[in-house]
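A structural walkthrough
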2 protein chains.
Amino acid sequence: MDTADRLIESTRELLWERGYVGTSPKAILQRSGAGQGSMYHHFSGKADLALAAVRRSAEQMRTTADALLSAPGTALERITAYLRRDRDVLRGCPIGRLTMDPDIIASPELRAPLEELFSWLRQRLADVIAEGQSHGELGGHLDPLATAAAIAATLQGGYVLARAADSPEPFEHAVTGVLALLTPANRPATEGD
Amino acid sequence: MDTADRLIESTRELLWERGYVGTSPKAILQRSGAGQGSMYHHFSGKADLALAAVRRSAEQMRTTADALLSAPGTALERITAYLRRDRDVLRGCPIGRLTMDPDIIASPELRAPLEELFSWLRQRLADVIAEGQSHGELGGHLDPLATAAAIAATLQGGYVLARAADSPEPFEHAVTGVLALLTPANRPATEGD
DNA sequence: GTCTATATCGGGATAGAC
DNA sequence: GTCTATCCCGATATAGAC
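In this text the structure is predicted, and so the values were computed from the model without any measurement.

This part covers the protein's contact with DNA strand D. DNA strand D sits among 15 residues. The nearest are A:G37, A:H42, B:S24, B:P25 and B:Q36. Put simply, 60% of the atoms of DNA strand D that lie within 4 Å of the protein are in sugar or phosphate. Side-chain polar atom of B:Y40 to a phosphate oxygen of DNA strand D: 3.3 Å apart, as the coordinates give it. When contributions to the surface near DNA strand D are tallied by element, the ones reaching two or more residues are α3 (36-42) of chain A together with α2 (25-32) and α3 (36-42) of chain B. A class-by-class count of the residues in the surface near DNA strand D yields two nonpolar, eleven polar and two charged.

Below, the structure written as structure tokens:
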């Protein structure tokens, strides 16, 4: 890994931990072991370096999600695998957390990777849902895009609840809850049903 | 409104807009119109002032949510009213956004109001859900606490998706999606059902 | 209670040597 | 390409006058 790469990786970690406003060039230099000169040689400044880091993180998230959502299995199995995949819940989502960063949201360039990633994710989930519907696994009355948004939001909001509680439990509950709602067995417990 | 109150209100606004790390005492002074001396007379420093602001915001959120969830109407109607209540989606949640602030999460005192608020909210939603179940409006097979967590997470995650998109649309979709999942009509479109 | 002055530190970047 | 020196500003707080 060359110097530019180490700078990007250190920036990714710090953006994840502390956000854009909370990340200083000095902290990046210390973590990466690079010198000030190197940083300003490879990147024009903090924003430029953050852009490279954000793009890489978004790309990686997309790859991970796509692998799980494109795996073999039923629609519900793949969505379950995506929601239940191993993660360090208390760290939150490296992209989602940037959404609360005023300087990221204020910059069209820095916000773009966020918008593209979540836009792609909602569409990808909607496709899986529509697929499940065409196979009769999921209720045909559900709007795929709205359902997809609810699933993606459950994940992102699960991180919020977990961090507030300093425990992964609310995240697990939220995932369990939304999966139960998705399961076709979700119908009134009518006699003789 | 006296000086201390104006300081707290200005801090609330800034915490909402920029988070804890992104909020400086100087900005608070400018917005409130108070002087440096006043601030350090009434509060011991930035953290102390933030604590007062966070407590007040959490209290207010709780009051608002409780009013909607305790109103007359069926369980589903009250949950719908809560999810669809008027809000400036792109501003996000004043408490939820603090969850991404490392300095807030690192401080037990500052995190406590967040934990209490969301813990209360999940329980309150769970109570409403259980009530709906006992009246037969909601599927009895749902775990109230898990379902409540999913609903709360949908809201918080809806803000995340909306801010990434710079549009309230994903938030509205997520809310619509989770409400559709909650609606008992959510069952396989079986013939003769 | 509120004001102004002062102090220290870190953020963010530039300059020019090597 | 990388290093060190330097710069300016804002963050956060203290001191003491009024």
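Below, the discussion takes up the UniProt feature "domain: HTH tetR-type" (unreviewed entry) in chain A. On the UniProt side, "domain: HTH tetR-type" (unreviewed entry) is annotated at positions that read residues 1-61 of chain A here. Taken end to end, residues 1-61 of chain A is 77% helix and 0% strand, and its first and last C-alpha atoms sit 20 Å apart.

When the parts of a complex come together, some accessible area is lost, and that lost area is often used as the size of the interface. Taken together, the contacts link 52 residues of chain B with 51 residues of chain A. Contact with chain A buries area across many residues of chain B, yet B:M100, B:R163 and B:L181 alone supply 16% of it, more than any other trio. Applying the counting rule to chain B against chain A returns two salt bridges. The partner of A:D103 in a salt bridge is B:R18, with the nearest N and O atoms 3.6 Å apart. Across the contact surface, chain B and chain A share eight residue pairs in polar contact (both at pLDDT 80 or more). For the side of chain B that touches chain A, the elements supplying multiple residues, two or more each, are α1 (3-18), α6 (102-106), α7 (108-134), α8 (144-165) and α9 (169-182) of chain B. Ranked by residues supplied to the side of chain B that touches chain A, first place goes to α8(B) with 16 residues.

The next subject is the protein's contact with DNA strand C. The full set close to DNA strand C counts 15 residues, and A:P25, A:Q36, B:G35, B:G37 and B:H42 are the nearest of them. A share of 60% is what sugar and phosphate atoms reach among the atoms of DNA strand C within 4 Å of the protein. A distance of 3.3 Å is found between a phosphate oxygen of DNA strand C and a side-chain nitrogen or oxygen belonging to A:Y40. The contact in question runs from a phosphate oxygen of DNA strand C to an N or O atom on the side chain of B:H42, over 2.9 Å. Of all the elements in the fold, those that place two or more residues in the surface near DNA strand C are α2 (25-32) and α3 of chain A together with α3 of chain B. The element contributing the most residues to the surface near DNA strand C is α3(B), with five residues.

Below, the discussion takes up the UniProt feature "DNA-binding region" (unreviewed entry) in chain A. If you check UniProt for "DNA-binding region" (unreviewed entry), the listed places come out as residues 24-43 of chain A in our numbering. Along residues 24-43 of chain A one finds 75% helix and 0% strand; the C-alpha atoms at either end are 14 Å apart.

Tracing the chain through its elements places A:G139 in the loop between α7 (108-134) and α8 (144-165). A:G139 sits 45 residues away from A:P184 along the chain, and the two C-alpha atoms are 6.6 Å apart.

Below, the discussion takes up the relation of the copies chain B and chain A. In the superposition of chain B on chain A (RMSD 0.0 Å, axial shift 0.0 Å), the rotation amounts to 180°. In symmetry terms, the pair is related by a two-fold rotation axis. Taking C-alpha positions as reference, the residue of chain B nearest the rotation axis is B:G157, located at 1.9 Å. Mapped onto chain A, 98% of the interface residues of chain B are again interface residues, and the two copies thus contact each other with one and the same surface.

So, how was this worked out
- Residues numbered from 1 in each chain as written.
- Chains lettered and ligands numbered in written order.
- Predicted model: local features only at pLDDT ≥ 70, side-chain atom pairs only at ≥ 80, totals over all residues.
- Heavy atoms only, no water.
- Near = heavy atom within 4 Å.
- Polar contact = N/O pair within 3.5 Å; in protein donor to acceptor, adjacent residues only side chain to side chain.
- Helix = DSSP H or I, 4+ residues; strand = E, 2+ residues; numbered from the N terminus.
- Nonpolar A, V, L, I, M, F, W, Y, C, P; charged D, E, K, R; others polar.
- UniProt positions renumbered as here; feature names shortened; annotations may be inferred.
- Contact = heavy atoms within 4.5 Å.
- Buried area = accessible area lost by both parts, 1.4 Å probe.
- Salt bridge = Lys/Arg side-chain N within 4 Å of Asp/Glu carboxyl O.
- Least-squares fit on C-alpha atoms with pLDDT ≥ 70 in both.

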